[in-house]
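Working through the structure, step by step
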Amino acid sequence: MKKELFLILLLSAFISFGQQKNFSFNAALADKNNIFYPGDTIRMVLTYSCPAEYRMAGWNASGRVQNLPPSFLSATNLKASGKDPRWRSVHFMTWKWFADEKSFRNVEFSTVGWPEGDYMITVTTVFRKKENAEHRTDKYINSFISFTLEK
């Protein structure tokens with residue numbers, strides 16, 4: 001019985017892993033340049049693929065505190081979540097939802113009030129079923145962009 005249960009569990013894991021492989025997502029800076037000035041707008045190009053029954057529904061950007069300049073939190077008056085320094089993160093924008101498949105092409109966020117320094121930002125997208133959408137079937141995938149703000 002234990003062997004059968006183990007085999008069923010193992011098979012379920014393989015099936016679940018295989019389904020995740022159908023999703024891909026990449027965020028890249030729209031400009032080849034990765035040096036900007038404080039106050040600039042960061043524009044990105046999002047590329048993705050997903051199963052036909054899903055669509056890219058929205059995106060968000062955040063940063064782990066250790067991947068931001070030391071003065072970021074004080075300069076922006078934002079609060080970090082989490083207690084473990086390795087995983088503390090800050091969400092500097094709300095989720096942006098796509099009305100249709102074409103609206104995701106113009107994605108950007110502002111750096112107004114951000115201090116100079118090096119940034120590695122986590123860009124997260126959510127894939128949602130087109131029909132009978134339920135939050136429990138949402139798929140989240142991250143990508144990263146890096147840039148420097150300097151005067």
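What counts, and where the lines are drawn
- Residues numbered from 1 in each chain as written.
- Predicted model: local features only at pLDDT ≥ 70, side-chain atom pairs only at ≥ 80, totals over all residues.
- Heavy atoms only, no water.
- Phe/Tyr/Trp six-rings, centres within 6.5 Å; stacked < 30°, edge-to-face > 60°.
- Helix = DSSP H or I, 4+ residues; strand = E, 2+ residues; numbered from the N terminus.
- Buried < 20%, exposed > 50% of the residue type's maximum accessible area, 1.4 Å probe, protein only.
- Salt bridge = Lys/Arg side-chain N within 4 Å of Asp/Glu carboxyl O.
- Pairing = 2+ DSSP bridges.
- Axes fitted to C-alpha atoms, helices over the stretch in contact; angles between N-to-C directions.
- Core = buried A, V, L, I, M, F, W, Y, C linked by side-chain atoms within 4.5 Å.
- Contact = heavy atoms within 4.5 Å.
- Polar contact = N/O pair within 3.5 Å; in protein donor to acceptor, adjacent residues only side chain to side chain.

1. Regarding the packing of aromatic side chains
In total, this model carries 14 aromatic pairs according to the counting rule given. Plain terms: the ring middles of phenylalanine 23 and tyrosine 54 are 5.0 Å apart, the flat faces sit at 85 degrees to each other, and that makes the pair edge-to-face. Linking phenylalanine 23 in the loop between helix H1 (2–20) and strand E1 (24–29) with tyrosine 54 in strand E4 (residues 54–64), this pair joins segments that are 31 residues apart in sequence. Tyrosine 54 matches phenylalanine 23 in its accessibility class, with the two residues each being buried. Aromatic rings pair up to connect Phe36, Phe72, Phe92, Phe109, Trp114, Tyr119 and Phe147 into one cluster.

2. Topic: the pattern of salt bridges
Counted according to the given criterion, the structure contains four salt bridges. Note that glutamate 108 and arginine 43 form a salt bridge whose closest N and O atoms lie 3.2 Å from each other. Placement of glutamate 108 in strand E7 (residues 107–110) and of arginine 43 in strand E3 (residues 41–49) is noted, with a sequence separation of 65 residues between them. The shortest N-O distance in the salt bridge between glutamate 134 and arginine 136 comes to 2.8 Å. Residue classification places arginine 136 among the exposed residues on the basis of a relative accessible area of 71%.

3. Structural notes on the environment of asparagine 77
Its place among the elements puts asparagine 77 in the loop between helix H2 (72–76) and strand E5 (89–91). For the pair asparagine 77 and glycine 113, spaced 36 residues apart in the sequence, the C-alpha separation amounts to 9.7 Å.

4. Let's talk about the sheet that holds E3
Judged by pairing direction, the sheet is antiparallel, and its three strands sit side by side in the order E1-E3-E7 without closing on themselves. Single-partner strands in this sheet number two, and they are E1 and E7. Sheet twist, expressed as the average angle between the axes of neighbouring strands with direction ignored, equals 30 degrees. Pairing of E1 with E3, which is carried by six bridges, proceeds in the antiparallel orientation. Within E3, the residue paired with phenylalanine 25 across the bridge is tyrosine 48.

5. Quick word on the nonpolar core
General note: in soluble globular proteins, nonpolar side chains tend to be found buried as a group. Counting 30 residues, the largest nonpolar core has Met44, Leu46, Trp59, Phe109, Ile121, Ile145 and Phe147 as its most contacted members. Listing elements by their share of this core, those giving two or more residues are E1, E3, E4, H2, E7, strand E8 (117–129) and strand E9 (139–149).

6. Some thoughts on the environment of threonine 148
For threonine 148, the position within the fold is in strand E9. Taking the C-alpha atoms as reference points, threonine 148 and phenylalanine 36, separated by 112 residues in sequence, lie 6.1 Å from one another. Those residues in contact with threonine 148, other than ones at most four positions away along the chain, are Asn34, Ile35, Phe36, Gly117 and Asp118. Of note is the side chain of threonine 148, whose polar atom sits 2.7 Å from the side chain of aspartate 118.

Function-wise, these values are silent; they only describe arrangement.
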